[in-house]
Every structure is written in structure tokens, then in C-alpha cells.
Amino acid sequence: MSADRINLLRTKVFDKSKWMQLPRDVVIGHDVIEQIPTVCEDLALGDSVLIVSGDRTRDVAGKRVEALLSGSYEIATFAAGEDDPLETIRKAEEAVAEAGFVIGVGGGRVIDVAKIASYNTDRHFISIPTAASHDGIVSSRASVPTADGNVSLAAEPPIAVVADTAVIASAPHRLLASGCADIIANYTAIRDWELSHRLRGEPLSEYALTLSRMTAEILFKNADLIKPHSEESAWLVTKALVSSGVAMSIAGSSRPGSGGEHKFSHALEILAPGKGLHGEKCGIGAIITMYLHGGDWEGIRDSLKKIGAPTTPAGIGVDDETAVAALLAARTIRPERFTILDMGLTEESAQDLVKMLYRE
Ligand SMILES: NC(=O)C1=CN([C@@H]2O[C@H](COP(=O)(O)OP(=O)(O)OC[C@H]3O[C@@H](n4cnc5c(N)ncnc54)[C@H](O)[C@@H]3O)[C@@H](O)[C@H]2O)C=CC1
Ligand SMILES: O=C(CO)COP(=O)(O)O
Ligand SMILES: [Zn+2]
């Protein structure tokens, strides 16, 4: 090989750089919420904190976190109400002003408010999920509903995740089942990524892809163990959500966990606002995208059933016509993210798929 060629290759190798942001402390288990003072002390984040929670999740765990930190920290609180999300984020940013770091205690919506406010004010953020409803509890992205659909925003990756399985197991089972469905959807997300890699040359991270698949496999194999209000189930699912979040951090995008099934879910957020939880919609979408990929779509459907997640649009109160419209609209959502739904699906075929695959 010529010296020029070797130098060129060297330059290419040394040109490569990647910045992965991962949580430093991940604490999962029974009553670990009690560890929050130790976690804060370990991370030396300062002596004042803003605790963000929702109306319900403040009672579920927010007040307990406030009590555990009172005496050692100056505490401010912020209630993330359910009105205009962008306005809520703006107010949360104002509330951060006096605080050294931020803790979010709640479901996905509250965690997103806290992590965006942290990012925009350059504060560290600790995630205390009260439900294992999707992998956003660990990731560095937020997904915020607006009139034009959900927008994906940059957010502060949690420096620590404190996931108390006793709290998570006490949440409505529907939330846990939704988290499982979000993970099972990794199967189709990675198939879409591979498709785009082969067809469009999109860069692909083998590590992120393998971790994402392995995470889905573990849940898929253990679907029988997922039971309502069981701490063992909460443990299994929360670990999977962390692992899936890490896969996204390695990739530097949500690609390992979000493909056509997520575009279908985002289309439904516009066409049928308020219907179904995030993971539920992704699971329903994954049945169709797995079929189109020629994979084990019945396996996906059956594992969703075992877990207690819906498997049809009707199961989340969406009619077949709207599901067809969402399948077709998926290509208009984040068009740069190429998936099996961007390969020329027609209205007739979408109607046939909905009729054939969404029978109870
Ligand atoms: N950051 C990301 O990557 C992602 C963010 N999202 C966003 O997350 C939000 C959806 O998150 P979800 O958790 O599905 O819904 P959510 O945050 O709206 O929570 C659903 C309901 O469960 C309640 N809840 C939570 N924990 C509870 C507990 N332990 N006991 C009793 N009730 C409890 C909440 O008060 C709320 O009423 C949306 O805003 C969506 O856009 C969705 C996917 C990914
Ligand atoms: O929900 C996610 C991964 O499970 C994130 O997906 P989006 O980037 O499509 O919002
Ligand atoms: Zn998701």
C-alpha cells in the first residue's frame, strides 16, 4: 500500500470521534428511593435542587424525595401540569434559575419536562421514574406533543437514574405493559435500521443494534413473567428500558429503538390525539412492520397479548380507517428516517394489512 494511501486511512481512522453520554449512577430495586440523598452526595451536584413532579406523581413519590433531601438541600418544587407542554417547559426553566440541579419524579411527560429544562439551563438532571412506560426515562431525547404532532427535542441525559421497583410496581399495569411494548418494538426498529443501511448507506452501529436486539429478546423470552403489580416484573422491564436507553446513547440517536412503528405512533398522535400510550401504539405498529419485513409478526402479537398490551387499533379506541391513515402518514413523519413504511405502501395494501393483521 502506498504511503499516501496509508496516510489517508490513518486520517480517516483518527478523524472518527464519538461522544456518548451515559448515566453515571443507575440504582434499581426495592425502596432505592431512600438512596437519593447518597446518590446526590456521591455526584456532588451542589446544595440546591428543583424537584419536578406531576399532580399525581408528587403524591406517589415526589413528596418522599422532598422529605429525604430536606435538611441537606435547599429545595424548590415545580408542578408540571397537563396544560400546554411548551409553556410548562418554559415555566420549569424559570423555576430552575435558583437551583444547582434538577430531579424529575414521574412518568414520561414529567421526566421530559425536567430533562428539557435541565438541558436549556445547563443543569445536571436525575431521573426518578414512577412508571416503566417507555425508554425515554433514560435517554437524552425528549418527545413533546404539539399541535403539529410530537417533536423530538434535545434534552439532558440523566446523570443518575433511581428506579424504585416498589413505586413502579404500584403504578397501573397498563404503564408497565406499554414499556414492554416499547422494548418489543426494538425488533422492528432495528430491522428498519438495517434496511436503511443496506438501501441508503445509513451508518449503523453494530454495538447499539446488538444491545437493542438483545434487550428485546430478553423481554420477549420472559413475557410470561410480566405480571401486574409484581416487583420482579418492574425490575425486568426497568432494566430493559435502561439497556435500551444505553443503546440509543451509543448510537447517538433513537434509531436503535425507533423505526416505522414509532412513525406510525407519532402519526396517531396527530390523527387520534390522546388515544393510547406511547408504547401501546408502537407495539400495535410493530405487528404490521414486522409482517412487512417478513418476520415473526405473530410472535410480536402473542407476546404483547401475554404482557397485557393492546394488539389492535380498536384496543386503544382507534378505528381501522384512522389506523390506515396513520400507516400512510408515517412517511411524512421524520422523512429522513427511512423505514419499511417508506417503501411505497398503498392505501389498498394498508387497508388489507389492517383487516388481516388486526383481527382479535
Ligand atoms: N423522551 C422520550 O424519548 C420519549 C418521550 N415520550 C413522551 O412521554 C410522555 C408519555 O409518557 P407516559 O409515561 O406514557 O405517560 P404520562 O407521563 O402521561 O403518564 C401517564 C399517567 O400515569 C400516571 N402515573 C405515572 N406514574 C404513576 C404511578 N406510580 N402511580 C399512579 N399513576 C402514575 C401519570 O400521573 C399520568 O397520569 C409523552 O409526553 C410522550 O411524548 C414518549 C416516548 C419517548
Ligand atoms: O420512543 C423512543 C424510543 O423508544 C424515541 O423515539 P422518537 O425518536 O421516535 O421520539
Ligand atoms: Zn418509544
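Because the structure is predicted, anything quoted here is derived from the model rather than measured.

Scoring rules and cut-offs
- Residues numbered from 1 in each chain as written.
- Chains lettered and ligands numbered in written order.
- Predicted model: local features only at pLDDT ≥ 70, side-chain atom pairs only at ≥ 80, totals over all residues.
- Heavy atoms only, no water.
- Near = heavy atom within 4 Å.
- Polar contact = N/O pair within 3.5 Å; in protein donor to acceptor, adjacent residues only side chain to side chain.
- Areas by Shrake-Rupley, 256 points an atom, 1.4 Å probe, with all protein chains shown as cover.
- Helix = DSSP H or I, 4+ residues; strand = E, 2+ residues; numbered from the N terminus.
- Expected span 1.5 Å × (residues − 1).
- Buried < 20%, exposed > 50% of the residue type's maximum accessible area, 1.4 Å probe, protein only.
- Salt bridge = Lys/Arg side-chain N within 4 Å of Asp/Glu carboxyl O.
- Pairing = 2+ DSSP bridges.

J.: Residue-level account of the site of ligand 1, with values.
T.: The local shell around ligand 1 holds 25 residues, among which G108, T130, S133, R141 and S143 are the closest. Here an oxygen atom of ligand 1 and a backbone polar atom of S143 are 2.6 Å apart. N150 has a polar side-chain atom sitting 2.9 Å from an oxygen atom of ligand 1. For ligand 1, whose unbound accessible area comes to 870 Å², protein coverage reaches 83%.

J.: Go over helix α10 (residues 231–251), please, and point to the residues and values.
T.: Between the first and last C-alpha of α10 there are 30 Å, a value that for 21 residues agrees with the 30 Å anticipated at 1.5 Å per step. Of all 21 residues that make up α10, 15 are buried, and the element is covered over most of its length. Where α10 begins, one side-chain oxygen reaches toward the backbone nitrogen of E232, 3.3 Å away; that side chain belongs to S230.

J.: Explain the pattern of salt bridges to me, and be specific about the residues and the numbers.
T.: For the structure on display, the rule yields 15 salt bridges. Between E87 and R90 there is a salt bridge, with its nearest N and O atoms 2.7 Å apart. Taken together, the positions of E87 and R90, both in helix α4 (residues 85–96) and 3 residues apart, correspond to about one turn of that helix. For E87, a relative accessible area of 28% gives the class partly exposed. Residue R90 is classed as partly exposed on the basis of its relative accessible area, which comes to 36%. With its nearest N and O atoms 3.8 Å apart, the salt bridge here joins K306 to D224. Pair noted here: K306 is in helix α13 (residues 297–307) and D224 is in the loop between α9 (206–221) and α10, with a separation of 82 residues, a long-range link. Residues joined in a network through salt bridges with shared partners are D31, E34 and R64.

J.: Account for the pairing of strand β8 (residues 160–164), with residues named and values stated.
T.: Across the 5 residues of β8, 5 count as buried, placing the element largely inside the fold. What you see with β8 is no split at all: A160, V162 and D164 on one side and V161 and A163 on the other are buried throughout. Direction of pairing for strand β1 (residues 25–29) relative to β8: parallel, over a ladder of 5 bridges. Across the sheet, D25 pairs through a bridge with A160, a residue of β8. Sheet topology places strand β5 (residues 124–129) next to β8; 2 bridges connect them, and they run parallel.

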